[in-house]
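Examining the three-dimensional arrangement
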Amino acid sequence: MPMAAVTLALIFGIALARAWNAYNFAGVAAGTLLLLAASALALYRNRLAPAWAAAITAVACCGMLLGFAHRDSFPDNDIRALLNGGVFPLDEPLAFDGCVIEESELRETDSAATIEFRGIQQQGRWIAVRGKGILSVNLPNEEIFTDQPPALLRGDRVRGWAVWRKPRNYENPGSEDRVARLARRGVFLLGRAKSFQLIETLPGDCASRADRFANAVRGRVRESLKAVEPGSDGGETGDRRRAILASLIIGDYSGLSSEIRETFQNTGTFHVLVVSGMHVAWIAGVLFYILRRFFIPERVCLALSALAVFAYACVVGSQASIARCLWVFILFLAGRLLFRRADAMNILFASALFLLVRNPDWLMETGFQLSFLSVAAIVLTASPIIDGFLRPLFDPLRNCGDCTRIFTRPGRRHRIGRLIRTRCELLAEAATDRFFPWALSGFFWFFKKAGGAALAVASMIVVSTAVQLWIEPLLARYFNRLSWIGPLANVVVVPLSSLTLAAGIAGAAASSAGVETVIRLAGSCAALLSGAAEVFERIPGAWQRCPTLSGACVAAGILMFLLWGLFSRRGRWIPCLYAVILLACAAFGIAPLPEIFRGGNGQWPKGAPVLKLTFLDVGQGDAIVIRFPNGLVRTLDAGGYYNFQTEGERAFGFDVGEAVVSRYLWHEWVTALDSAAISHTDSDHAGGLPALMKNFRIKRFDYTPAGANSKTLERLLGLARRRKISENIVTAGMEENIGGVVIHALHPAADAELLTANESSLVFHLTYKHFSALLTGDLEKSGEAEVLRRAGNPVAQLLKAAHHGGRSSTSDLLLEKTRPRWAVISAGRNNPYGHPSPDVLTRLKNHAVRTFVTMDHGAVTYETDGERYVIRSHVYGVTEKGEL
């Protein structure tokens, strides 16, 4: 209990430091020393309660000091200091020197590796620099092979030329703070080199002995995986098997396709593919068991197991999950070597304490939270249930026929357990007397094994359920996914993953000796593991996507679990009930908190008929979300895929529709769309729509076939039919009235098949009382002239500038006829097209149009009740409001 209190106090202090930017470090340090002195004085006077309170407060202050120092204390040659001082050259070619600390990962069109800087060249001289960056190098298509080893290995030295930039977030409500995620890894720069010809590699120049050992082992494992059979469908099944084995054995996740990831995420079993405490415990446990079979002393076995775990950690790399597991095992080993009984709760909180002292940023790391809470769920919730309910029922049966093991403890469950054992013994004796006089010991053996198996299965179900109750709200917040099948799926998938891991390690070792049979067997185990996850995924209602739960609701549930688990043996059903209610709210789309507590604006009275248009920051693309006064929600375009972003969008499987547009909708607690429309089929407008079709219930798909890319449109229509979404071809002249908002389709005409994709963009004119808006897609000048010719003068107070502010759009003629007061341009920073064009910005300024650009303002939201309006930027807050 004291260890838990100390750790929780440290966590509170670190969390407080994150929200406290203006502080006096010396003052906080002095206050900490005074608290420690007060605690010592109170303890000297035998006043335990004040001493304990002062000591815990001092620990919280130490947590604050740790947070401040880790965030704001760095040397002058650190990247952060150079960036803050404007010394580090950005957005221009720069000569650099560094060492690879995380091997490169092959992605769709590039290779990315994390490097530790050694220096940069500035004004003809080299200066020392310290810090991490992610270097991406473009690859020609012919260089990409799924079984090709990484181009850069840990310990390689790299020199060359690259363009470096700061990471950037998508500035939308609900979007992930990707800058902070990278900062927790110590990464503050992202670089890109156009070719490996600009990079000089010195293999192993920075490598330690551990790096060389790890590279050799990883290379041998990858080489052995080539022997995995491809399967009946050719190479795809073989690639899947190799990817799963590489993930389990050496922590190489680069080969895991989005389909594999999604399957295991949907079933709540993705943790088996990530090297974590389960892998470390399995390896240490198996090795310890084997060594003990040879009558080796326990402490020697523990030391050898620790050595094996350390070697495995070197092979897998400097992943945070492995570092955490290593510390936990070291604490356990230290306790055992000192002949102390290992207390799971003390080990859990002590390891968390050591880890957070080493790196306070891990507190906000999703992996740390999930692993810590998973173990806490096992220790504080599952173990008491197993010890108090399951063992009394099955322990007597596990000793069936053993007259030396008598169970006499009082209690209803113990009586039931004794009754089960007695009846099984009577049944065995009756069967022996009547049929099999020689088989009594066999019957007893069967009942023992049956009791052990029942206890094991029931314990796995309890553990899986407890873990799901603890972490499912957190998963719903971070990943917007509810896996109802998770408790059952883990009972099957976890043993299969252990079998696959064992076969994979044995197969890799056997392949080194020229025996490939075992690694092929491991491939079959990987296929069985994947197949089991797919079976659970296909069960109707096994999983669902859900809105984003608020941090306050999730934190309250975790705190309830911790407090009840630590301080109360009664009423443990209360936090479980809270978690169930919270998950039910997420499942049915019922917000557990009013909008104002979820970040609502409070600008309008409750129930006011407000039209809300949100222009999302999706980089170089378009995505507009329209919430009508009657509550219906529509989307127009959904971003897309990009090849020129620098913030990690090029990682395999990144989808703006999933990671940006869907996240915004879930943040707004939208679970269904009245319509999803695309202005045209270019990927920067339609690329994210498949994700929306998968994640939301959509009533209708609006599109135009004019100028469409046939393959893209065919794919979207096929997905819409599979999801039972009705199709609607939009042409000029169509009109709808939704909640008092009149929507006119102005373009394209029904006979516009010969137009280009941009010139065929859907154009909508919205009117709501005194408000009007014109949404123009990627329409260019000739298309604008056609719209004006057909529609006359479609006056619009709000204009969505066409084609991301491209020079060929938003003509003076359009501005003269529509007379807008505001314009929104959706464009990505550092895009290669120069959007928005200075000419367009000048034209807008000449017509006295206030312009909002998403790359500067983030998501731009316009709200109006038809009489008044509020314009809000995600970056700057409310920027304007008034009457129309």
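Just so we're clear, the structure is a prediction, and the values are computed from it rather than from any experiment.

1. Quick notes on the pattern of salt bridges
Applying the stated rule across the entire model yields 37 salt bridges. The shortest N-O distance in the salt bridge between glutamate 516 and arginine 520 comes to 3.2 Å. For glutamate 516, a relative accessible area of 36% corresponds to the partly exposed category. In this structure, glutamate 786 engages arginine 789 in a salt bridge whose closest nitrogen and oxygen atoms are separated by 2.5 Å. Of this pair, glutamate 786 and arginine 789 both sit in helix H24 (residues 781-791), three residues apart, which is roughly one turn of that helix. Its relative accessible area of 24% is what places glutamate 786 among the partly exposed residues. With relative accessibility at 60%, the residue arginine 789 sits in the exposed group. A cluster of three or more residues bridged by salt bridges with shared partners is formed by Arg634, Asp674, Arg700, Asp702 and Glu736.

2. A word on the packing of aromatic side chains
Each aromatic ring pair is specified by the distance between its two centres and by the angle formed by the two planes. A full pass over the atoms with the stated rule returns 17 aromatic pairs. Consider the rings of phenylalanine 701 and tyrosine 703, whose centres lie 5.0 Å apart with planes at 20°: the pair is stacked. Across the pair, exposure class does not vary: phenylalanine 701 and tyrosine 703 are buried alike. Measuring from ring centre to ring centre gives 5.2 Å for tryptophan 822 and tyrosine 862, while their planes differ by 55°; the resulting arrangement is tilted. With tryptophan 822 in strand S23 (residues 822-825) and tyrosine 862 in strand S25 (residues 860-864), this residue pair connects regions lying 40 residues apart in the sequence. In this structure, tryptophan 822 and tyrosine 862 share a single accessibility class: buried.

3. What about the packing of helix H15 (residues 440-479) against helix H16 (residues 486-512)?
Between H15 and H16, the least distance of the axes is 8 Å, while the angle of their chain directions is 125°. One way to sum up the angle between H15 and H16 is to call them oblique. In this structure, H15 meets H16 at a crossing whose hand is right-handed. Contacts from Met460, Ile461, Ser464, Thr465 and Gln468 in H15 reach Gly486, Pro487, Asn490, Val491 and Pro495 in H16.

4. Digging into the state of the cysteines
For the structure on display, the rule yields one disulfide. Between cysteine 99 and cysteine 206 runs a disulfide, and the two sulfur atoms are separated by 1.9 Å. Judged by the sign of its S-S torsion, about -55°, the cystine formed by cysteine 99 and cysteine 206 is left-handed. Of this pair, cysteine 99 sits in strand S1 (residues 93-106) while cysteine 206 sits in the loop between strand S7 (199-202) and helix H6 (209-225), and the two are 107 residues apart along the sequence. For cysteine 206, a relative accessible area of 26% translates into the label partly exposed. Cysteine cysteine 62 is unpaired, with the sulfur of cysteine 61 as its nearest cysteine sulfur at 7.2 Å. Cysteine cysteine 403 is unpaired, with the sulfur of cysteine 400 as its nearest cysteine sulfur at 12 Å. The exposure class of cysteine 403 is exposed, given its relative accessible area of 65%.

5. Description of the pairing of strand S4 (residues 132-138)
For S4, the tally of buried residues reaches five of seven residues, placing the bulk of the element in the interior. One ladder, built from seven bridges, connects strand S2 (residues 110-122) with S4; its direction is antiparallel. Each residue of the ladder has a partner; that of glutamate 116, found in S4, is lysine 132.

6. Considerations on the sheet that holds strand S22 (residues 798-800)
The strand order across the open sheet built from seven strands is S18-S19-S20-S21-S22-S23-S24, with neighbouring strands paired in mixed fashion. Single-partner strands in this sheet number two, and they are strand S18 (735-738) and strand S24 (850-853). Recorded for the sheet is a direction-independent mean angle of 20° between the axes of neighbouring strands. In terms of strand pairing, strand S20 (residues 763-768) meets strand S21 (residues 771-775) through five bridges, oriented antiparallel. Residue pairing for S21: tyrosine 768 is matched across the bridge by phenylalanine 771.

7. Some points on unusual backbone geometry
The omega torsion across histidine 747 and proline 748 is 0°, close enough to zero to call that bond cis. Within the element layout of this structure, proline 748 appears in the loop between strand S19 (741-747) and S20. A cis amide bond links histidine 835 to the next residue, proline 836, at an omega of -5°. Looking at the element boundaries, proline 836 is found in the loop between S23 and helix H26 (838-846). One non-glycine residue, asparagine 46, lies in positive phi territory at about 65°. Among the secondary structure elements, asparagine 46 is positioned in the loop between helix H2 (25-44) and helix H3 (48-72). When its relative accessible area of 60% is taken as the criterion, asparagine 46 is described as exposed. In this structure, phenylalanine 295 takes a positive phi of about 60° despite not being glycine.

8. Examining helix H18 (residues 551-567)
For H18, built from 17 residues, the straight-helix expectation of 24 Å at 1.5 Å per residue is met to within 8% by its first-to-last C-alpha distance of 24 Å. Of all the positions in H18, only Cys553, Val554, Gly557, Ile558, Met560, Phe561, Leu562, Gly565 and Leu566 are classed as buried. Summarising the contacts, the buried residues of H18 are in contact with helix H1 (2-18), helix H12 (344-358), helix H13 (366-398), H15 and helix H19 (573-588).

9. Re the side chain of aspartate 655
Looking at the secondary structure, you find aspartate 655 in the loop between strand S12 (633-636) and helix H20 (656-667). Side-chain polar atoms of aspartate 655 contact the backbone nitrogen of glycine 657, separated by 2.9 Å.

10. Section: the layout of surface pockets
Estimated volume of the second largest pocket: approximately 460 Å³. Lining the second largest pocket we find 21 residues, and of these Val217, Ile249, Ile505, Ala508 and Ala509 sit closest to its centre. Taken together, the elements giving at least two residues each to the lining of the second largest pocket come down to H6, helix H7 (235-250), helix H9 (277-293), helix H10 (298-316) and H16. The biggest single contributor to the lining of the second largest pocket is H16, with six residues. Residue composition of the lining of the second largest pocket, grouped by class: 19 nonpolar, one polar and one charged.

11. Here's the deal with the nonpolar core
For soluble globular proteins, nonpolar side chains are generally found buried alongside one another. Counting residues in hydrophobic clusters, the biggest one holds 47 residues, and the most contacted among them are Phe349, Leu356, Leu373, Leu380, Trp470, Ile471 and Leu549. At the level of elements, H1, H3, H12, H13, H15, H18 and H19 are the ones that each hand at least two residues to this core. Here the element with the most residues in this core is H13; it accounts for eight residues. Residue contacts for leucine 549: discarding those within four places in its chain leaves Pro473, Ala476, Arg477, Val554, Leu582, Ala586, Pro592 and Trp669. Core analysis: the second largest hydrophobic core is formed by 33 residues, Val670, Ala686, Phe696 and Leu713 among them.

12. Section: the sheet that holds strand S14 (residues 675-677)
Here we have nine strands laid out as an open sheet, ordered S17-S16-S14-S12-S11-S10-S25-S26-S27, and mixed in their pairing. Strand pairing shows two members of the sheet lacking a second neighbour, strand S17 (726-729) and strand S27 (877-883), which therefore form its edges. Shown here is a sheet whose adjacent strand axes are inclined to one another by a mean of 15°, direction ignored. Relative to S27, strand S26 (residues 868-873) runs antiparallel, the two sharing six bridges. For arginine 868, the partnering residue across the bridge sits in S27 and is glutamate 883. Here helix H23 (residues 710-722) sits on the sheet and contacts strand S16 (700-703) and S17; the angle it forms with S16, its principal contact strand, is near 165°.

13. Considerations on the packing of H9 against H16
How two helices pack is summed up by the angle between their axes together with the distance between the axes. Running from N to C, H9 and H16 cross one another at 60°; their axes reach a closest spacing of 11 Å. In this view, H9 runs oblique relative to H16, as classed from their interaxial angle. Classified by chirality, the crossing of H16 by H9 is right-handed. Contact residues: Met278, His279, Trp282 and Ile283 in H9; Val494, Ser497, Ser498, Leu501, Ala502 and Ile505 in H16. Residue composition of the contact of H9 with H16, grouped by class: seven nonpolar, three polar and no charged.

Scoring rules and cut-offs
- Residues numbered from 1 in each chain as written.
- Predicted model: local features only at pLDDT ≥ 70, side-chain atom pairs only at ≥ 80, totals over all residues.
- Heavy atoms only, no water.
- Salt bridge = Lys/Arg side-chain N within 4 Å of Asp/Glu carboxyl O.
- Buried < 20%, exposed > 50% of the residue type's maximum accessible area, 1.4 Å probe, protein only.
- Helix = DSSP H or I, 4+ residues; strand = E, 2+ residues; numbered from the N terminus.
- Phe/Tyr/Trp six-rings, centres within 6.5 Å; stacked < 30°, edge-to-face > 60°.
- Axes fitted to C-alpha atoms, helices over the stretch in contact; angles between N-to-C directions.
- Parallel < 35°, antiparallel > 145°, perpendicular 65-115°, else oblique.
- Left-handed = near helix turned anticlockwise from the far one by under 90°.
- Contact = heavy atoms within 4.5 Å.
- Disulfide = S-S within 2.5 Å.
- Pairing = 2+ DSSP bridges.
- Expected span 1.5 Å × (residues − 1).
- Polar contact = N/O pair within 3.5 Å; in protein donor to acceptor, adjacent residues only side chain to side chain.
- 1 Å grid on protein atoms, 1.4 Å probe; cavity = no way out; pocket = protein on both sides within 12 Å on 5 of 7 lines; lining within 4 Å.
- Points joined across faces, edges and corners; volume = space filled by probe spheres on them.
- Nonpolar A, V, L, I, M, F, W, Y, C, P; charged D, E, K, R; others polar.
- Core = buried A, V, L, I, M, F, W, Y, C linked by side-chain atoms within 4.5 Å.

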